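Structural overview for review
Below are the chains, spelled out letter by letter.
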Amino acid sequence: MPFEAMDPVRKFSRYKGSHGFAGWYYSSTMRDHVGYESWLERDPLIPLDRDPDVVAIASQPFWLYWRDGTRRRRYAPDYFVRLSDGGARIIDVRAADELDEATEEAFDATGHACRAVGWEFEWAGRPEPLFMANARWLSRYRRAHCGRPVPVAARLVEVFREPMRLWDGAGLVGERLQVLPALFHLLWSGALKADLVGGLMETDSLVWTEGNTWAA
């Protein structure tokens, strides 16, 4: 059975007084929910969900067992990611200022196991805040129905072949209340581009079509 078809190997921690906020993120890639144990763990799910190289995501996918001297250890990585080329990536999430010796040892063991089977291993810390604020906003429009009507989406791609302000381009296509959801969906999917790290998206943010040489 592929990992992405399995349930998490352990329950997500929820208890009174916990500093984490466990929950479920609806993944447009999976068309299902993916669990997380904290908002820090939720954040990597958003860019993974809009990455065209990612075809599946699973949380707490398996137990990894190893011996540390005389001790028998076990650890469940945070995420298993299936890639479009058939490869795989394991992602562990922890803020740099919260890493302790036991966690670093677990990450080392997980990285060693990944290399042994030809998988990628990634440690994810705290994300860049401006990027995450923009990505969280766009994630509201991740579902496919937000990209409709199809003629509106197609017209947006044409209009933004010349970079222009978000508000101006939307107005050229039609009634903004209808156009903006499709525009945000195209920004989510990557068909349209904007600077997601230089500042919060606003009505005067520049938007352009993917592949436009101006963006380079």
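In case you missed it, the structure is sitting above this.
Presented here is an overview of the structure given in this document. (Residues numbered from 1 in each chain as written. Predicted model: local features only at pLDDT ≥ 70, side-chain atom pairs only at ≥ 80, totals over all residues. Heavy atoms only, no water.)

Observations concerning the pattern of salt bridges
Worth spelling out the cut-off: We define a salt bridge as a side-chain nitrogen of Lys or Arg found within 4 Å of a carboxyl oxygen belonging to Asp or Glu. We count a stretch as a helix when DSSP gives it H or I for four or more residues in a row; a strand needs E for two or more, and each element gets its number in order from the N terminus. Exposure categories follow from relative accessible area, calculated using a 1.4 Å probe and restricted to protein chains: below 20% of the type maximum is buried, above 50% is exposed, and the middle band is partly exposed.
The tally for this structure, following the rule as stated, stands at 14 salt bridges. Ionic pairing is found between Arg-82 and Glu-4, a salt bridge with its closest N-O pair at 3.1 Å. Of this pair, Arg-82 sits in strand β6 (residues 79–83) while Glu-4 sits in the segment before β1 (23–27), and the two are 78 residues apart along the sequence. Arg-82 sits in the partly exposed class, given a relative accessible area of 22%.

Thoughts on unusual backbone geometry
For the bond from Arg-148 to Pro-149, the omega torsion is 5°, close enough to zero to count as cis. Relative to the helices and strands, Pro-149 is located in the loop between α3 (129–139) and α4 (150–159). At Arg-31, a position not held by glycine, the phi torsion is positive, near 55°. Residue classification places Arg-31 among the exposed residues on the basis of a relative accessible area of 70%. Backbone geometry places Gln-60, a non-glycine residue, at a positive phi of 45°. Positionally, Gln-60 belongs in the loop between β3 (54–59) and β4 (64–68). Classification of Gln-60 by relative accessible area gives buried; the value is 1%.

Let's talk about the side chain of Ser-139
Selection criterion: Note on definitions: a residue-residue contact is assigned when non-hydrogen atoms from the two residues lie within 4.5 Å.
Of note, Ser-139 is situated in helix α3. Not counting residues up to four positions away in its chain, the partners in contact with Ser-139 are Tyr-25, Ile-46 and Trp-188.

Re the packing of aromatic side chains
Geometrically, a pair of aromatic rings is defined through the distance of the ring centres and the angle of the planes. Rule in force here: Paired rings are identified among Phe, Tyr and Trp, the last through its six-membered ring, by centres lying within 6.5 Å, and are further divided according to the angle between planes into stacked (under 30 degrees), edge-to-face (over 60) and tilted (the rest).
Considering all chains together, one arrives at eleven aromatic pairs under this definition. The interplanar angle of 45° and the centroid separation of 5.2 Å between the aromatic rings of Phe-3 and Phe-62 together place this pair among those described as tilted. Of the two residues, Phe-3 sits in the segment before β1 while Phe-62 sits in the loop between β3 and β4, which places them 59 residues apart along the sequence. Residue classification places Phe-3 among the partly exposed residues on the basis of a relative accessible area of 25%.

Re the nonpolar core
Where we set the bar: For our purposes a nonpolar core is just a set of buried Ala, Val, Leu, Ile, Met, Phe, Trp, Tyr and Cys residues, chained together by side-chain atoms within 4.5 Å.
Tyr-79, Leu-156, Phe-160, Leu-183, Phe-184 and Leu-187 are the most contacted members of the largest nonpolar core, which has 45 residues in total. In terms of residue count, the dominant contributor to this core is helix α6 (residues 176–189) (eight residues). Sequence-distant contacts of Leu-183, that is, excluding residues within four places in its chain, are made with Leu-156, Phe-160, Leu-166, Ala-170 and Leu-192. Judged by nonpolar contacts, the second largest core, of twelve residues, contains Leu-64, Trp-66, Phe-80 and Ile-90.

Comments concerning the sheet that holds β3
For the record, the criterion: By this definition, two strands are paired if DSSP reports at least two bridges between them. To get an axis, a line is fitted to the C-alpha atoms, and for a helix only the part in contact is used. The angle between two axes follows their N-to-C directions and goes from 0 to 180 degrees.
The strand order β3-β6-β7-β8 describes an open sheet built from four strands, whose pairing is mixed. Since the sheet does not close on itself, it has two edges, and those belong to β3 and β8 (120–124), each with one partner. Looking at each pair of strands side by side, their axes are set apart by 20° on average, direction ignored. Strands β7 (88–93) and β8 of the sheet are contacted by helix α2 (residues 101–117), whose axis makes an angle of about 155° with β8.

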